[in-house]
Amino acid sequence: FIIGPVAGLLTGRLDGRKICFAGLVLIVIAMWMRAHYTTDMSYFQIALPIFIMGAGLPPTFIPLTALALRSVDANETASAAGLQNFLRTATSAFAVSIATVAWDYQSAQARTTLSGVVDRGAFATTTLQAMGLKGDAAVHYLDRIVETQSVMVGLDQVMMVITAAFVVCACLIWFLPKSLRSID
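Residues numbered from 1 in each chain as written. Predicted model: local features only at pLDDT ≥ 70, side-chain atom pairs only at ≥ 80, totals over all residues. Heavy atoms only, no water.

Novice: Could you give me a rundown of the packing of helix α2 (residues 16-34) against helix α6 (residues 137-172), with the residues and numbers involved?
Specialist: Relative to each other, α2 and α6 sit at 165°, their axes nearing to 8 Å. Comparing their axes, α6 and α2 come out roughly antiparallel. The way α2 lies across α6 gives a crossing that is left-handed. Across the interface between the two elements, F21, L24, I27, V28, M31, W32 and R34 from α2 touch D156, M159, M160, I162, T163, F166, V167, C169 and A170 from α6. (Axes fitted to C-alpha atoms, helices over the stretch in contact; angles between N-to-C directions. Helix = DSSP H or I, 4+ residues; strand = E, 2+ residues; numbered from the N terminus. Parallel < 35°, antiparallel > 145°, perpendicular 65-115°, else oblique. Left-handed = near helix turned anticlockwise from the far one by under 90°. Contact = heavy atoms within 4.5 Å.)

What follows is the structure in structure tokens.
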């Protein structure tokens, strides 16, 4: 609630591309941090990238909206705002769907890889059974570890791709034309 008004004020005074770039840099940092998640993270380690991303969203979207609205005639501003909001929402939904499918796929790939190497020679199963796990309990325990780790590996891989996509977006923002008029 602090960064949004500041981004709005700065958008009227500075080149919106600079503000948008700064916001995208914050989002890249947050995504980079998310690409290094582990299964034993603390609450703070999970929350910090979320706070950083929250700080990067207003300086990204406020100037983008202003740049989009400044590029249309005044009588088309309402229609352009509606279209821009619709496109932002629709593309966000598509992106989330694609990321979810990619995460599932990468997790399955990681599970296949980890399953092939986790207990060669049955050393881990034998050790777990010697520690008191009976019957298939040792196999189920290893299965849960492999599943947890494969989901985390899949998440890290998808977040790395998303980080790269935001780096590209941060570079492409400079190809937008400077706005020529102010919006009312």
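After presenting the structure, the write-up continues.
Novice: So what's going on with the environment of H36? Which residues, and what values?
Specialist: Counting through the fold element by element, H36 comes out in the loop between α2 and α3 (43-70). The spacing of H36 and A110 is 74 residues in sequence and 15 Å in space, taken between C-alpha atoms. Once residues lying within four places of it in the same chain are set aside, the contact partners of H36 are D156 and M160.

Novice: Describe the pattern of salt bridges, listing the residues and the values that go with them.
Specialist: Taken as a whole, this structure holds 3 salt bridges when the rule is applied. For the salt bridge of R17 with D15, the shortest nitrogen-to-oxygen distance reads 2.8 Å. When sorted by exposure, R17 lands in the same class as D15, which is buried. Two residues, D143 and R111, come together in a salt bridge whose shortest N-O distance is 2.2 Å. Remark: R111 occurs in helix α4 (residues 77-117) and D143 occurs in helix α6; sequence separation between them is 32 residues. R111 gets classed as partly exposed once you look at its relative accessible area, which sits at 24%. Several salt bridges converge on common partners, so that one network encompasses R111, D143 and E147. (Salt bridge = Lys/Arg side-chain N within 4 Å of Asp/Glu carboxyl O. Buried < 20%, exposed > 50% of the residue type's maximum accessible area, 1.4 Å probe, protein only.)

Novice: How would you summarise the packing of aromatic side chains if you had to cite specific residues and measurements?
Specialist: Using the criterion set out here, one finds 1 aromatic pair in the structure. Arranged with centres 5.5 Å apart and planes meeting at 50°, the rings of F21 and W174 form a pair that is tilted. Of this pair, F21 sits in helix α2 while W174 sits in the segment after α6; the two residues are 153 residues apart in sequence, bridging distant segments of the chain. The class for W174 is partly exposed, based on a relative accessible area of 36%. (Phe/Tyr/Trp six-rings, centres within 6.5 Å; stacked < 30°, edge-to-face > 60°.)

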